[in-house]
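Chain by chain, the residues run as shown.
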Amino acid sequence: MPFVGCMNSWTNDGQYLALGMFNGIISIRNKNGEEKVKIERPGGSLSPIWSIYWNPSSRWERFWMNRGKKDAEEAIVNRYFQERPSSLKSVVYSSKGSESEEEEDDSSRDDISEEHNDILAVADWGQKLSFYQLSGKQIGKDRSLNFDPCCISYFTKGEYLLLGGSDKQVSLFTKDGVRLGTVGEQNSWVWTCKVKPDSNYVVVGCQDGTISFYQLIFSTVHGLYKDRYAYRDSMTDVIVQHLITEQKVRIKCKELVKKIAIYKNRLAIQLPEKILIYELYSDDSSDMHYRVKEKIVKKFECNLLVVCADHIILCQEKRLQCLSFRGVKEREWQMESLIRYIKVIGGPPGREGLLVGLKNGQILKIFVDNLFAIILLKQATAVRCLDMSASRKKLAVVDENDTCLVYDIHTKELLFQEPNANSVAWNTQCEDMLCFSGGGYLNIKASTFPVHQQKMQGFVVGYNGSKIFCLHAFSMSAVEVPQSAPMYQYLDRKMFKEAYQIACLGVTDTDWRELAMEALEGLEFETAKKAFIRAQDLRYLELINSIEERKKRGETNNDLFLAEVFAYQGKFHEASKLYKRSGHENLALEMYTDLRMFEYAKDFLGSGDPKETKMLITKQADWARSINEPKAAVEMYISAGEHVKAIEISGDHGWVDMLIDIARKLDKAEREPLLMCAHYFKKLDNPGYAAETYLKIGDLKSLVQLHVETQHWDEAFALGEKHPEFKDDIYVPYAQWLAENDRFEEAQKAFHKAGRQGEAVRVLEQLSHNAVVENRFNDAAYYYWMLSMLCLNIAQVVRAFDKKRQKGKRFETRLDTSPPSFPTPLLLHTSDPAQKDVMLGKFHHFQHLAELYHGYHAIHRYTEEPFSFCRPETLFNISRFLLHSLTKDTPLGISKVKTLFTLAKQSRALGAYKLARHAYNQLQGLWIPARFQKSIELGSLTIRSKPFHDSEELVPLCYRCSASNPLLNNLGNVCINCRQPFVFSASSYEVLHLVEFYLEEGITDEEAVSLINLEAPSHKGSILDQTPQDSQTLSLDETVDSVGEDDPFTAKLSLEQGGSEFVPLVVSRSVLRSLSRRDVLIKRWPPPLQWQYFRSFLPDAPITMCPSCFQMFHSEDYEQLVLQHTCCPYCRRRIDDPSP
């Protein structure tokens, strides 16, 4: 090294060595001797480095680097002052009271927040003290020493350092260089000083060879007022702690703090040369922001310091001085003995009272505005601690013998005393409670009750509500103490109001409930109500309100009130005794009954009162039912006469045997339970028992409904025969059931029997409409045929009504006049004479629709299904029949496109090219579905290559006039010559060889049939044209010679027919006798329709007519269809049905 080294020091980890040179340079080298940092001091060679030392604590280094951070502050406080963790505000205050985030010399320290090396303290003979970090950067500013330092040493934990030198003394400094005071003065220069590790012992070596040994004592400097505690930290700082909110604030004074006093919103701090008075920014109880109010720049020597609202009190041995905040002495009090304890007990600003305890045992009260002290009392022993109760009626004293004595201030009487006390405090919220500490225990005493103890270290300095403020070592803490023990002490003596006051200080929920129960049992309802409100027990609050209301109404029986309380608490036997004593045995009976304690309830039954016995059995049955013992409950209900409940349980569990036993035992006058039995029988599918029950009570209507619901129609019909008034109730549901099961013919008969023709019409119309919409045209034809027959039936009823009315007889009918839901309603008004004509018109309309849909069924299947079961000739005939029938409106569901498409294809296939071309031309004017478009367009083109005529074999022949008719007939399905309507087969739709004829006026149907059945071998007759007035009639008369073979029909065939109107063929009796019954077919329509007669001209080609629907078929086709379907293909009459 180029210069002389005066001092050296290793870092904590031994990696670096700091060397102080005589020329004022500091060299920091690693363990290999390589220089890493070189620090040049301002004084140069005039300031040789004789003192250099690394701070031994890395924790203090982190504190330096993070001193503005909350976590570092907590770490220091927790480590050295053993306080519980709390939030410490980062706001600090300088000794001038200005608020700042950091001190002036702390700004440079923010730059080392990422450094983790030791702090190097350097003292040179330039009389400067400096601090550096490992990188060589200075921390803060140089501090002047006013002497030449020769040695420097840190305490083990780095919180303080010692300096000695030419001033012949050892001085104590804080870790950041603030001088605290002199440890000891010597006779020569001090060249060395050391601190014993982990202790406060200091040894000093001087130039004259003397060695001195010192022990440093760091006393606690603090102050307390209610929930605010101020204490000294790091010798130069003051921390104010709010004991309730756990908030803290640090006030940095930068000088040694000697005394601290706190009172309400005032804080006094005594420094070596001045006293600082602080005040809070606001009156908020949780505000922790202080600011400087006054400064008293004067040096004071005192033992104790007290601050008031406008004064400070200095205690100097036996003397008390009162000074204003400007340092002016206003009053002074001289005591007889040394002052041991002083406390501010409150009062108006400027007139506060002080409680003073002397060594001679005298206790005084002093007001700061009064020169005269008031002697409260005097005891034989010295005062160690004092406190006055909230009402200032009692005084607690701890003497030098560790005894706590409590006096009545007014009478000077010693109320009680307790041993092992070192401090005492009254509860600020409760007059009769105090606590004292000593011997490692916390003692809580309420009134004159025994002391309650629990372990706790430290000194009690305050007692507020349930919080006890305890000072242990350097830490002040607020201990939450439940007040359960004193509360129970009051409860034991039935002092409920006092116990409630104690509970308000802080007890558990269980304690609140116990207090409430005890007060309730003691009939202290007001206290009990407050306690239950705290416990949030609404049930007991309702009880108390009920009792209070009854008391307002004049009830004064406390036994009854207490019995109800015991009942609420579950003390039922005690409650029953009180009920009995108060003369309310019925309440005990009711209580035990509600509790299902039936054995106990029997003890309180009256002298055989059947009502009470029944009530008890009923309650017992209710209980058995609630605990899922239904059989026992049923038996009890039966014995108590509660048959309805017994039936209900038996029915819900499906006990049919028990139900029928109950029903048979009941009298028929008990309708309600019997009806319940019948209801459950129906529900449990036992209609026999239900019928038996209904018969027992004579409820025939319910019996009818039962048979209907169970579909026992035979029983229902038998009952209806005996009681016609239930006819509607039977046949209407029966008809609906038949309709739902597709038995429509039977349904119509049932509706007819019930007189509900409108229902039958509505059902059939809806079915017809649905069948059309669903493209079930065969079913639609069948339903429309049924509708036509129903209309004919209605017309019969109207006709009979008219006849009866004309004869003056009464005729009853029960036709439904309600409007049907279908868009084509049948209005049934039997009183309207025109109703018959309306029904007949609808008959013909529905017959026509049935024929159309029956034929269209084959067309629809041909166009929609891939395979066709009909011959081409049949499809050709059907499409021609439909084309000629659809001259006006087209019914719903029938497609003219499909009809023409079928006609076109079959006409072409059979050689009717002219008709095919006409069909294709008609299709051009219609909307054609896409799937037919291509086929129709192709057919329209290819048909033009065919000749423009039809095959002669397809031309229909009129069997009346023998005229050939074109395939396309503008007149429709009639002969173009004689206008005779064609008769079509209902299967192949060929023109049948039949001619319809009519009877001569005066010939009845029965006579005509008898004449036809005569079968005369031959007869004479002639054909006569009779033209009566406005009608033209063709008749066969006996007086005219026969034509041809003397057959009127043959003769008529030879006559010329060319008129524009149809002339019916009318026959006389002689002609009828000439006809063979094998050649005549008769449609025997019921009235008001007339029978229709048809003559067959080809006897060898037999024709069969269905006796039900009167449709004509070729016999071979009919037999084949009947064998295939086992019924008529048109009306679906079964072959085994004997009825027509």
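In this text the structure is predicted, and so the values were computed from the model without any measurement.

Cut-off values and rules
- Residues numbered from 1 in each chain as written.
- Predicted model: local features only at pLDDT ≥ 70, side-chain atom pairs only at ≥ 80, totals over all residues.
- Heavy atoms only, no water.
- Helix = DSSP H or I, 4+ residues; strand = E, 2+ residues; numbered from the N terminus.
- Buried < 20%, exposed > 50% of the residue type's maximum accessible area, 1.4 Å probe, protein only.
- Contact = heavy atoms within 4.5 Å.
- Areas by Shrake-Rupley, 256 points an atom, 1.4 Å probe, with all protein chains shown as cover.
- Arc of directions from axis to C-beta.
- Salt bridge = Lys/Arg side-chain N within 4 Å of Asp/Glu carboxyl O.
- Pairing = 2+ DSSP bridges.
- Axes fitted to C-alpha atoms, helices over the stretch in contact; angles between N-to-C directions.
- Phe/Tyr/Trp six-rings, centres within 6.5 Å; stacked < 30°, edge-to-face > 60°.
- Core = buried A, V, L, I, M, F, W, Y, C linked by side-chain atoms within 4.5 Å.
- Expected span 1.5 Å × (residues − 1).
- Polar contact = N/O pair within 3.5 Å; in protein donor to acceptor, adjacent residues only side chain to side chain.
- Parallel < 35°, antiparallel > 145°, perpendicular 65-115°, else oblique.
- Left-handed = near helix turned anticlockwise from the far one by under 90°.
- Nonpolar A, V, L, I, M, F, W, Y, C, P; charged D, E, K, R; others polar.
- Patch = residues over 30% accessible without salt bridge, like charges linked within 9 Å, V, L, I, M, F, W, Y side chains within 5 Å.
- pLDDT = per-residue confidence, 0-100.

Draft legend 1. Structural view of the overall build of the chain. A count of helical and extended segments in the chain gives 32 helices and 53 strands. When burial is assessed residue by residue, the chain has 51% of its 1140 residues classed as buried. Counting only contacts in the chain whose residues sit at least 6 apart along the sequence, the fraction spanning at least 24 positions is 47%. On the chain, roughly 54600 Å² of surface is accessible, and the fraction owed to carbon and sulfur atoms is 49%.

Draft legend 2. How the structure looks around helix H17 (residues 687-697). Within H17 the residues assigned to the buried category are Ala690, Ala691, Thr693, Tyr694 and Ile697. Along the axis of H17, the buried residues cluster in a sector spanning 160°; they form a single face. Looking at the buried side of H17, the elements it contacts are helix H15 (656-665), helix H16 (671-683) and helix H18 (700-709). At the exit of H17 stands Gly698, carrying a positive phi of roughly 75°.

Draft legend 3. A look at the pattern of salt bridges. Under the definition given, this model contains 31 salt bridges. Lys343 is the salt-bridge partner of Asp387, the closest N and O atoms lying 2.7 Å from each other. Of this pair, Asp387 sits in strand E35 (residues 383-388) while Lys343 sits in strand E31 (residues 339-346), placing them 44 residues apart in sequence. Residue Asp779 is joined to Arg776 by a salt bridge in which the shortest nitrogen-to-oxygen separation is 2.7 Å. Bridged by salt links that share partners, the residues Asp233, Asp237, Arg250 and Lys252 form one connected network.

Draft legend 4. Local environment of the sheet that holds strand E30 (residues 329-334). Across the sheet, four strands lie side by side as E27-E28-E29-E30; this open sheet has antiparallel pairing. Here the strands that pair on one side only, and so sit at the sheet edges, are strand E27 (304-307) and E30. Put simply, the sheet's adjacent strands are angled 15° from each other on average, direction ignored. Relative to strand E29 (residues 319-324), strand E28 (residues 311-316) runs antiparallel, the two being bridged by six bridges. Across the sheet, Gln316 pairs through a bridge with Arg319, a residue of E29.

Draft legend 5. Quick peek at the packing of aromatic side chains. Summed over the entire model, instances satisfying the criterion amount to 29 aromatic pairs. Between Tyr201 and Phe213, the aromatic rings sit 5.5 Å apart at their centres with planes inclined by 5°, giving stacked as the arrangement. With Tyr201 in strand E17 (residues 201-206) and Phe213 in strand E18 (residues 211-215), this residue pair connects regions lying twelve residues apart in the sequence. Look at Phe901 and Phe932: their rings are 5.0 Å apart centre to centre, the planes differ by 25°, and that puts the pair in the stacked class. Here Phe901, found in helix H26 (residues 896-910), pairs with Phe932, found in helix H28 (residues 930-942); they are 31 residues apart in sequence, far enough to count as distant. Comparing Phe901 with Phe932 shows no difference in burial state: the two are buried.

Draft legend 6. Structural detail: unusual backbone geometry. In this structure, the amide linkage connecting Pro1087 to the following residue, Pro1088, adopts the cis form with an omega of 10°. Tracing the backbone through its elements, the reader meets Pro1088 in the loop between strand E50 (1080-1083) and strand E51 (1092-1096). Even without a glycine there, the phi angle at Met235 is positive, about 70°. One can find Met235 in the loop between strand E20 (228-233) and strand E21 (237-242). With a relative accessible area of 11%, Met235 lands in the buried category. Positive phi is not limited to glycine here, since Leu523 has a value of about 60°. On the secondary structure map, Leu523 appears in the loop between helix H5 (509-521) and helix H6 (525-535).

Draft legend 7. View of the pairing of strand E39 (residues 423-426). Going residue by residue along E39, you find Ser423 and Ala425 tucked away on one face and Val424 and Trp426 tucked away on the opposite face as well. In terms of strand pairing, E39 meets strand E40 (residues 433-438) through four bridges, oriented antiparallel. When the sheet's bridge partners are listed, Ser423 is paired in E40 with Ser437. In this antiparallel pair of consecutive strands, E39 and E40, the connection spans six residues.

Draft legend 8. Spatial organisation of the nonpolar core. Residues Tyr784, Trp785, Tyr853, Leu994 and Met1112 are the most contacted members of the largest nonpolar core, which totals 66 residues. Secondary structure elements with two or more residues in this core: helix H22 (757-773), helix H23 (777-806), helix H24 (835-864), helix H25 (872-885), strand E52 (1103-1105), strand E53 (1112-1114) and helix H32 (1115-1125). Among the elements that make up this core, the one with the highest residue count is H23 (15 residues). Once residues within four sequence positions are removed from consideration, Tyr853 is found in contact with Val772, Phe777, Ala780, Ala781, Tyr784, Pro891, Leu892 and Ile894. Counting 51 residues, the second-largest nonpolar core is a separate cluster that includes Tyr490, Ile502, Phe525 and Ala575.

Draft legend 9. Broad picture of H26. End to end, H26 covers 21 Å across 15 residues, agreeing with the expected 21 Å (1.5 Å per residue, within 8%). Here H26 starts with a cap whose side-chain oxygen sits 3.4 Å from the backbone nitrogen of Val897, and that cap is Ser895.

Draft legend 10. Representation of the packing of H26 against helix H27 (residues 913-924) in the model. Interaxial distance between H26 and H27 falls to 8 Å at its minimum, and their mutual angle equals 150°. As judged from the angle between their axes, H26 and H27 are roughly antiparallel. Of the two elements, H26 crosses H27, and the hand of that crossing is left-handed. Touching Val897, Leu900, Phe901, Leu903, Ala904, Lys905, Ser907 and Arg908 of H26 are Tyr913, Leu915, Ala916, Ala919, Tyr920, Gln922 and Leu923, all from H27. Tallied by class, the residues present in the contact of H26 with H27 amount to eleven nonpolar, two polar and two charged.

Draft legend 11. Spotlight on the sheet that holds strand E23 (residues 259-263). With antiparallel pairing, four strands are arranged side by side in an open sheet as E23-E24-E25-E26. A single partner strand is all that each edge strand has here, and the edge strands are E23 and strand E26 (290-296). Strand-to-strand twist of the sheet, defined as the mean angle between neighbouring strand axes without regard to direction, takes the value 20°. As paired strands, E23 and strand E24 (residues 266-271) are joined by five bridges and run antiparallel to one another. Paired with Tyr263 across the bridge in E24 is Arg266.

Draft legend 12. Here's a closer look at the pairing of strand E4 (residues 35-40). Sheet analysis places strand E3 (residues 25-30) next to E4, joined by five bridges and oriented antiparallel. Its bridge partner lying in E4, Ser27 is registered against Lys38. From the end of E3 to the start of E4, which pair antiparallel, there are four residues, and Gly33 there has a positive phi angle of about 90°.

Draft legend 13. Representation of the environment of Pro348 in the model. Looking at the element boundaries, Pro348 is found in the loop between E31 and strand E32 (353-358). Sequence separation of Pro348 and Cys308 is 40 residues, and the distance between their C-alpha atoms is 10.0 Å.

Draft legend 14. Region of the structure containing a nonpolar patch on the surface. Side chains of Val203, Ile211 and Phe213 sit close together on the surface and give an oily, nonpolar patch of about 320 Å² of accessible area. You can see Ile211 is positioned in strand E18. Here Ile211 falls in the exposed class, since its relative accessible area comes to 67%.

Draft legend 15. Local environment of the side chain of Ser1096. By the secondary structure assignment, Ser1096 is in strand E51. By relative accessible area, which is 8% here, Ser1096 ends up buried.

Draft legend 16. Here's a closer look at the confidence of the model for the chain. Per-residue confidence for the chain gives a mean pLDDT of 78, with 81% of residues at or over 70. The model gives residues 809-831 a pLDDT under 50, and that stretch makes 53 contacts with residues more than four places away or in other chains.

Draft legend 17. Region of the structure containing the packing of H15 against H17. In contact at an axis separation of 11 Å, H15 and H17 are set at 15° when each is read in the N-to-C sense. Classed by the angle they form, the pair H15 and H17 counts as roughly parallel. Relative to H17, H15 is oriented so that their crossing is left-handed. Each of Val656, Ile660, Ala663, Arg664 and Lys665 in H15 lies in contact with H17, whose residues at this interface are Tyr689, Glu692, Thr693 and Lys696. Of the residues belonging to the contact of H15 with H17, the class tally is four nonpolar, one polar and four charged.

Draft legend 18. Structural detail: the environment of Leu967. Locating Leu967 in the fold gives a position in the loop between H28 and strand E46 (994-999). Residue Leu967 is classed as buried on the basis of its relative accessible area, which comes to 2%. Residues Leu967 and Asp950 lie 17 residues apart in sequence; the distance between their C-alpha atoms is 7.9 Å. What Leu967 contacts, discounting residues up to four positions off in sequence, is Phe876, Arg880, His884, Ala912, Leu915, Asp950, Leu954, Val955 and Pro956.

Draft legend 19. Main features of the side chain of Arg960. Of note, Arg960 is situated in the loop between H28 and E46. Only 2.6 Å separates the side chain of Arg960 from the backbone oxygen of Val1063, close enough to count as a polar contact.

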